[in-house]
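So you can see what is in the structure, the chains are spelled out below.
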Amino acid sequence: LTRQLGYKMGASVAASVDLTVAIKSPVSFSVTVPQGFQFKGPNGTIFETAKAVTDAPYAGLSDPQTIPCYEGETITESFVSDGTANQIFDLVRVPTGKFIVQNSVKSTVNGAPFTEVEFLEFEASDQFEFSANDDPPTVRFGNGTTGNIPTQGASVVVTYVASKGRGGLVLKNTITKVNSPLIVSFQVIQLSIDNPGPSVGGDDP
């Protein structure tokens, strides 16, 4: 109903936090904590790095790095276009109790990026529309006049961040573990991890 009125209902907002991360046992090579690497917070929260950060060879506990993170996990869903106009794809892999984060949805068609718009615009261009408050959430493609139609048989890939919203607000000194080991040059890198301040900014749709 709100879409017909031209009103866009908001999606969720992920909480953010800065982590202090250092290598416990120095190694002779550079160590990169990649973008999207996951740390484990309290109450089942997951925090992903917002950018990659690299430590120089032999960096140790006296050389901590500050890494900006957001609460949430990146999820990918794949579809196949049937070539018809106004295709809508349901995003069904959002974990229970989590929401898709606003401005986190990305889509490609046969590897070519499509751009998210608030509502499909009167233009034959590569665009898609995301609806956070559909059940389940959806992405919508055009009809050839208002947005392009993904060609028949095209691979449609959608990625997004799923967050707990307000549930991603955690206290300081509560993020101290990795979600899975950091492996560089076939070696597990042991990390010292802490969040000196609480996470901030999380909100539900």
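Cut-off values and rules
- Residues numbered from 1 in each chain as written.
- Predicted model: local features only at pLDDT ≥ 70, side-chain atom pairs only at ≥ 80, totals over all residues.
- Heavy atoms only, no water.
- Helix = DSSP H or I, 4+ residues; strand = E, 2+ residues; numbered from the N terminus.
- Buried < 20%, exposed > 50% of the residue type's maximum accessible area, 1.4 Å probe, protein only.
- Contact = heavy atoms within 4.5 Å.
- Lys, Arg positive; Asp, Glu negative; His and termini not counted.
- Charge placed at Lys NZ, Arg CZ, Asp CG, Glu CD.
- Pairing = 2+ DSSP bridges.
- Salt bridge = Lys/Arg side-chain N within 4 Å of Asp/Glu carboxyl O.
- Patch = residues over 30% accessible without salt bridge, like charges linked within 9 Å, V, L, I, M, F, W, Y side chains within 5 Å.
- Areas by Shrake-Rupley, 256 points an atom, 1.4 Å probe, with all protein chains shown as cover.
- Phe/Tyr/Trp six-rings, centres within 6.5 Å; stacked < 30°, edge-to-face > 60°.
- Lys NZ or Arg CZ within 6 Å of the ring centre and 35° of its normal.

Counting its regular elements, the protein contains zero helices and 18 strands. Taken along the three principal axes of its C-alpha coordinates, the protein extends 60 × 35 × 25 Å. Taken across its 205 residues, the protein has 40% of its residues classed as buried. When contacts within the protein are restricted to residue pairs at least 6 apart in sequence, those whose partners lie at least 24 apart make up 69%. In the protein, the 13 positive side-chain charges and the 20 negative ones have mean positions that sit 8 Å from each other.

Further remarks concern the sheet that holds strand β1 (residues 16–23). Across the sheet, six strands lie side by side as β15-β3-β4-β6-β1-β18; this open sheet has antiparallel pairing. Each having just a single partner strand, β15 (177–178) and β18 (191–194) make up the two edges of the open sheet. Inspection of the sheet shows strand β4 (residues 46–49) paired to strand β6 (residues 65–71) by three bridges, in the antiparallel sense. Within β6, the residue paired with Thr-49 across the bridge is Cys-69.

In this section: the pattern of salt bridges. The final tally for this structure, using the stated rule, is three salt bridges. Between Glu-73 and Lys-98 there is a salt bridge whose closest N-O contact spans 2.6 Å. Here Lys-98 lies in the loop between β8 (88–90) and β9 (99–100) and Glu-73 lies in strand β7 (residues 73–80), a separation of 25 residues in the sequence. Looking at Glu-73, the relative accessible area reads 18%, which means it is buried. We note a salt bridge from Asp-203 to Arg-166, for which the minimum N-O separation is 2.7 Å. You can see Asp-203 sitting in the segment after β18 and its partner Arg-166 sitting in the loop between β14 (155–163) and β15, a full 37 residues away along the chain. Judged by relative accessible area, Arg-166 falls into the exposed class, the value being 52%.

On the surface, a nonpolar cluster with roughly 370 Å² of combined accessible area is contributed by Leu-5, Tyr-7 and Met-9. With respect to the helices, strands and loops of the structure, Leu-5 is situated in the segment before β1. By relative accessible area, Leu-5 is classed as exposed at 73%.

Time to look at the packing of aromatic side chains. Where two aromatic rings form a pair, the distance of their centres and the angle of their planes describe that pair. Scanning the model with the defined rule gives five aromatic pairs in all. Ring centres 6.2 Å apart and planes at 35° place the aromatic pair Phe-128 and Phe-141 in the tilted group. You can see Phe-128 sitting in strand β12 (residues 127–131) and its partner Phe-141 sitting in the loop between β13 (138–140) and β14, a full 13 residues away along the chain. Neither residue differs from the other here; Phe-128 and Phe-141 are each classed as buried. Joined through ring pairs, the aromatic side chains of Phe-79, Phe-89, Phe-114, Phe-128 and Phe-141 make up one cluster. Between the NZ or CZ atom of Lys-8 and the centre of the ring of Phe-119, over which it lies, the distance is 5.5 Å.

Time to look at unusual backbone geometry. Cis rather than trans, the peptide bond between Asp-135 and Pro-136 has omega equal to 0°. Mapped onto the elements of the fold, Pro-136 is located in the loop between β12 and β13. The backbone phi angle of Asn-86 is positive, close to 60°, even though this residue is not glycine. Among the secondary structure elements, Asn-86 is positioned in the loop between β7 and β8. Note on Asn-86: relative accessible area 42%, which makes it partly exposed. Phi is positive for Asn-173, which is not a glycine, with a value near 60°. Judged by its relative accessible area of 43%, Asn-173 falls in the partly exposed class.

The next thing to look at is the environment of Val-139. In this structure, Val-139 sits in strand β13. When the C-alpha positions of Val-139 and Lys-106 are compared, they lie 10 Å apart, and in sequence the two are 33 residues distant. When sequence neighbours within four positions are dropped, the list of residues in contact with Val-139 reads Gln-87, Ile-88, Phe-89, Leu-91, Val-105, Phe-128, Glu-129, Phe-130 and Val-158.

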